[in-house]
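Spelled out from the first residue to the last, the chains are:
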Amino acid sequence: QVQLVESGGGLVQAGGSLRLSCAASGSIFSINTMGWYRQVFGKQRELVASITSDGSTKYADSVKGRFTIDRDNAKNTVYLQMNSLKSEDTAVYYCNVGVYSSDSYYSHYWGQGTQVTVSS
């Protein structure tokens, strides 16, 4: 079974840094786009950053210049390096991965979510 496991969240002061990771495991053939989303309670989940299989990246305007997404294809892992964190970055962060696997020809999977809290 394909599973995504997130780690790296926590409490940090404004201006600090965190690095999130999301590792995919299971009977994976290949992985397409990988991305990070975040959600504040009562609000819509929004895309923070994404990276395609060829390394093309996109970022939400609010995080450009502060966050960096990258992937390690050998480890089926995507990372989100978050620098210069602000209080408005506080949210639950979820990874999402498009996976070709023996479970389903192609499906998207969500990580369990990891809380990032930035204090002022």
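Below you will find a few notes about this structure. Values in this document were obtained by computation on a predicted structure and should not be read as measured data.

## Focus: the overall build of the protein chain
Then step 1. Looking only at helices and strands, the protein chain has 0 helices and 11 strands in total.
Then step 2. At 14 Å, the protein chain has a C-alpha radius of gyration in line with the 14 Å of a compact globule built from 120 residues.
Then step 3. Split into buried and exposed, the 120 residues of the protein chain put 40% on the buried side.
Then step 4. Accessible area of the protein chain: about 6400 Å², with a carbon and sulfur share of 48%.
Then step 5. Here the protein chain carries 10 positive and 9 negative side-chain charges, and the mean point of each set is 4 Å from the other.

## Details of the sheet that holds strand S3 (residues 18–25)
Then step 1. Within the open sheet, the 4 strands sit side by side as S1-S3-S8-S7. Their pairing is antiparallel. For this open sheet the edge positions go to strand S1 (3–7) and strand S7 (67–72), each flanked by a neighbour on one side alone. Averaged over all pairs of adjacent strands, the angle between their axes in this sheet comes to 15°, without regard to strand direction.
Then step 2. Both S3 and strand S8 (residues 77–82) contribute to a ladder of 6 bridges, which runs antiparallel. Bridged to leucine 18 within S8 is methionine 82.

## Concerning the packing of aromatic side chains
Then step 1. For the coordinates displayed, the defined rule picks out 4 aromatic pairs.
Then step 2. Seen in terms of ring centroids, tyrosine 37 and tryptophan 110 are 5.0 Å apart; in terms of plane orientation they differ by 65°. Their pairing is edge-to-face. Placement of tyrosine 37 in strand S4 (residues 28–39) and of tryptophan 110 in strand S10 (residues 107–110) is noted, with a sequence separation of 73 residues between them.
Then step 3. By relative accessible area, tryptophan 110 is classed as partly exposed at 41%.
Then step 4. Ring centres of tyrosine 94 and tryptophan 110 lie 6.4 Å apart, and the angle between their planes is 90°; on these two criteria the pair is classed as edge-to-face. Of this pair, tyrosine 94 sits in strand S9 (residues 91–101) while tryptophan 110 is found in strand S10, placing the two residues 16 residues apart along the sequence.

Criteria and cut-off values
- Residues numbered from 1 in each chain as written.
- Predicted model: local features only at pLDDT ≥ 70, side-chain atom pairs only at ≥ 80, totals over all residues.
- Heavy atoms only, no water.
- Helix = DSSP H or I, 4+ residues; strand = E, 2+ residues; numbered from the N terminus.
- Rg over C-alpha atoms; globule rule 2.2 N^0.38 Å.
- Buried < 20%, exposed > 50% of the residue type's maximum accessible area, 1.4 Å probe, protein only.
- Areas by Shrake-Rupley, 256 points an atom, 1.4 Å probe, with all protein chains shown as cover.
- Lys, Arg positive; Asp, Glu negative; His and termini not counted.
- Charge placed at Lys NZ, Arg CZ, Asp CG, Glu CD.
- Pairing = 2+ DSSP bridges.
- Axes fitted to C-alpha atoms, helices over the stretch in contact; angles between N-to-C directions.
- Phe/Tyr/Trp six-rings, centres within 6.5 Å; stacked < 30°, edge-to-face > 60°.

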